[in-house]
Amino acid sequence: SGVTKNLFSAISDPKPMTSRKVTVVGIGAVGMATAVSLLCQGISNDICLIDVMEDRLKGEMMDLQHGSLFLHNPKIHASKDFKSSAGSKVCIVTAGVRQQEGESRLDLVQRNANILKTTIPALCQHSPDAILIIVSNPCDILTYVAWKLSKLPVNRVFGSGTNLDSSRFRFLIAQRLGCSTSSVHGWIIGEHGDSSVPVWSGVNIAGVRLKDIAPKMGDDDDPELWKKVHKDVIDAAYQIIKLKGFTNWAIGLSAAALTNTILTNQHNVHAVSVMVKGRHGLDYEVFLSLPAVIGANGVEKVVMQHLAPNERCALKFSAAMLSEIQCGIKL
Ligand SMILES: O=C1N[C@](c2ccsc2)(c2cccc(Nc3ccc(F)cc3)n2)CC(O)=C1Sc1ccccc1Cl
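Described in the following lines is the structure provided in the data block. (Residues numbered from 1 in each chain as written. Predicted model: local features only at pLDDT ≥ 70, side-chain atom pairs only at ≥ 80, totals over all residues. Heavy atoms only, no water.)

**Remarks on the packing of aromatic side chains**
(1) Moving on: Applying the stated criterion across every chain yields a total of three aromatic pairs.
(2) Moving on: Clustering of aromatic rings is evident, with ring pairs tying together Tyr144, Trp147 and Phe287.
(3) Moving on: In this structure, Arg176 packs its charged tip against the face of Trp226, placed 4.3 Å from the ring centre. (Phe/Tyr/Trp six-rings, centres within 6.5 Å; stacked < 30°, edge-to-face > 60°. Lys NZ or Arg CZ within 6 Å of the ring centre and 35° of its normal.)

Shown next, in the form of structure tokens:
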């Protein structure tokens, strides 16, 4: 038009640079917290929102677009058609249905698996090189389902897993000790949620292992009751549900942090849900969280922590449980 012709003297035609496009599937509280975390931290400037609720989708897209001035002038698009996710480097799946009153866990799993049956193949069709991060719950089982449906190598699909559990764990310890969360190193591994496994021997600040100072740390007869920190991680989840009805900010920030590690090929170590067969004596084809090195190719390496017998036993129990549930899922 007249204005653009007379306003700009073009130097180059805008060729698409190697975009860091990210697709977020599911625009519920978690999906939107993830999108906002990505945009506010400048982790991605090219976001695609996918959901089936078209009005809500358009509203969220417009509302986010109107914040462009306060962001890094991002490209934000939204559609129920997966075509608009084409060329994504990372696809974050937060879509899922809530557990209904009295619904069995297996029914919930099957309903969420049914959503993945259309979602995963469509994402892979339009972004064949993408890394998939599964956030939907139950996370470990749905990460397995997504991996099976994607037919991708195991490094390209992982779950947010105990990344959130570990961040709450480190926060609570940091509160107890009076230092920053990032300075408290500690890992919760295994099944995300109620049956997660805290690796007490690994909790340290500047390499000083708390277990060396408080040898009974994590035991039931520990006078300092450190085991309560893990219980508080679990109780916090239920308390937040009771207080606000859902959780979204910490999980959204954690999904954005995982995405940043991929897009910047940072090789950070995160507790995420990976295929554990052949590790720690586990023989099941299941996904559980272990500390993993994450980069542009997704899961690059797994850190093999020295686990106590009870920790290995808890992982084995979870693996057997997940394997049993997975057998009951119709893919
Ligand atoms: O902070 C949460 N909130 C959720 C939630 C629930 C509704 S909206 C958000 C939560 C909170 C409490 C329990 C619970 N259980 C659950 C199990 C299987 C499912 F398929 C879905 C949910 N989920 C979802 C979830 O996974 C978390 S983390 C979490 C949960 C339980 C124990 C420890 C942790 Cl670190």
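**Focus: the site of the ligand**
(1) Moving on: Taken together, 16 residues lie near the ligand, and Leu108, Asn137, Arg168, His192 and Thr247 sit nearest.
(2) Moving on: His192 is positioned such that a nitrogen or oxygen atom in its side chain is 2.6 Å from an oxygen atom of the ligand.
(3) Moving on: Its free accessible area being 660 Å², the ligand has 83% of it covered by the protein chains.
(4) Moving on: Listing elements by their share of the shell around the ligand, those giving two or more residues are helix H6 (163-177) and helix H8 (227-244).
(5) Moving on: At four residues, the largest contribution of residues to the shell around the ligand is made by H8. (Near = heavy atom within 4 Å. Polar contact = N/O pair within 3.5 Å; in protein donor to acceptor, adjacent residues only side chain to side chain. Areas by Shrake-Rupley, 256 points an atom, 1.4 Å probe, with all protein chains shown as cover. Helix = DSSP H or I, 4+ residues; strand = E, 2+ residues; numbered from the N terminus.)

**Details of the pattern of salt bridges**
(1) Moving on: The final tally for this structure, using the stated rule, is ten salt bridges.
(2) Moving on: The residue Lys148 makes a salt bridge to Glu285 at a minimum N-O spacing of 3.2 Å. You can see Lys148 sitting in helix H5 (residues 139-150) and its partner Glu285 sitting in the loop between strand S11 (268-275) and strand S12 (287-295), a full 137 residues away along the chain.
(3) Moving on: We classify Glu285 as partly exposed; its relative accessible area is 32%. (Salt bridge = Lys/Arg side-chain N within 4 Å of Asp/Glu carboxyl O. Buried < 20%, exposed > 50% of the residue type's maximum accessible area, 1.4 Å probe, protein only.)

**Structural notes on helix H3 (residues 54-65)**
(1) Moving on: For H3, spanning twelve residues, the distance from its first C-alpha to its last is 16 Å, which sits close to the expected 16 Å at 1.5 Å a residue.
(2) Moving on: Regarding H3, the residues found buried are Leu57, Glu60, Met61 and Leu64. For H3, the angular spread of buried residues about the axis comes to 100 degrees, placing them on one side. For H3, exposure combined with an orientation more than 90 degrees from the buried face picks out Asp55, Lys58 and Asp63.
(3) Moving on: Residues of H3 that are buried in the fold lie against helix H2 (29-40), strand S2 (46-50) and strand S3 (75-79). (Expected span 1.5 Å × (residues − 1). Arc of directions from axis to C-beta. Contact = heavy atoms within 4.5 Å.)

Read these as spatial facts, not as claims about activity.
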